[in-house]
Amino acid sequence: GSLLFNKGDCLAIRMYTVSPYTHVAAVVIEDGEPIVYDSMNGAGVRRQSLADYLVSQSPDLLHVFHPTRALTAEQGRSLHEYLDSQLGRPYAVSHYLTGRRSEGVHCSEYVTDSLMSIGLLHAERPPKVSPASLATGITNANIYAADRTIELAPPQSPTPVGENRCHQMWIDTKQRFGKYCDKLSGWILCR
């Protein structure tokens, strides 16, 4: 039942929510391993191992929130069932502005719905819940407490070596331009 909040680069979410939080995911333990559920642009509702999730979110800041009271076994089962029941649902965020439900779901709406499904939380309009308003609501109601912040390092890739000086300049230019495109994609496309 732990929640993972990210402070990423997505300018669209930062502008709409006026908050540095850009994403939230829920964690359950399955066969002794942490599994992360979220709804992500381009992927929809998905599940992945904690290790894969951390790689997908780097180099962001990750904020870990734990329930102030341990979930009961029934709450844990129900949470896991709800999260699983939504797998494959498309991602959507445009309905955040209207507050009306749509076929798709954004990350904080998905997590809010999952917490509502086990009676931990109530929200009048879950599509209007942002990662920041969810974090504020669960901490103010003393349902969750912030535990720690983790700085996720960017993945390291081997540095290719060119065959000659011209080839090396091409490799260096391509890598730098790729990093700038990745950064711009994160800002604009929230990836």
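Just above, that's the structure.
Residues numbered from 1 in each chain as written. Predicted model: local features only at pLDDT ≥ 70, side-chain atom pairs only at ≥ 80, totals over all residues. Heavy atoms only, no water.

We now examine the sheet that holds strand 1 (residues 3-7). The pairing of strands in a sheet comes from backbone hydrogen bonds and takes either a parallel or an antiparallel form. Read from one edge to the other, the open sheet built from six strands follows the order 4-3-2-1-5-6, with strand pairing classed as antiparallel. The open sheet has two free edges, formed respectively by strand 4 (44-49) and strand 6 (144-151), since each of these has just one partner strand. For this sheet the average axis-to-axis angle between neighbouring strands, irrespective of direction, equals 25 degrees. With five bridges joining them, strand 2 (residues 23-30) and strand 3 (residues 33-40) adopt antiparallel strand pairing. Directly across from Ile29, in strand 3, lies its bridge partner Pro34. Helix 4 (residues 107-117) rests against strand 1, strand 2, strand 3, strand 4 and strand 6 of the sheet, and its axis sits at about 45 degrees to strand 2. With respect to the sheet, helix 5 (residues 131-140) is in contact with strand 1, strand 2, strand 5 (61-67) and strand 6, its orientation differing from that of strand 1 by roughly 135 degrees. (Pairing = 2+ DSSP bridges. Helix = DSSP H or I, 4+ residues; strand = E, 2+ residues; numbered from the N terminus. Axes fitted to C-alpha atoms, helices over the stretch in contact; angles between N-to-C directions. Contact = heavy atoms within 4.5 Å.)

This part covers the pairing of strand 2. Counted residue by residue, strand 2 has six buried out of eight residues, so it is predominantly covered. Connecting strand 2 to the antiparallel partner strand 3 that follows it, the hairpin turn spans two residues, and Asp31 within it adopts a positive phi of roughly 55 degrees. (Buried < 20%, exposed > 50% of the residue type's maximum accessible area, 1.4 Å probe, protein only.)

The next point concerns the environment of Ala141. Relative to the helices and strands, Ala141 resides in the loop between helix 5 and strand 6. Once the C-alpha coordinates of Ala141 and Leu121 are considered, the two residues, 20 residues apart in sequence, prove to be 9.0 Å apart.

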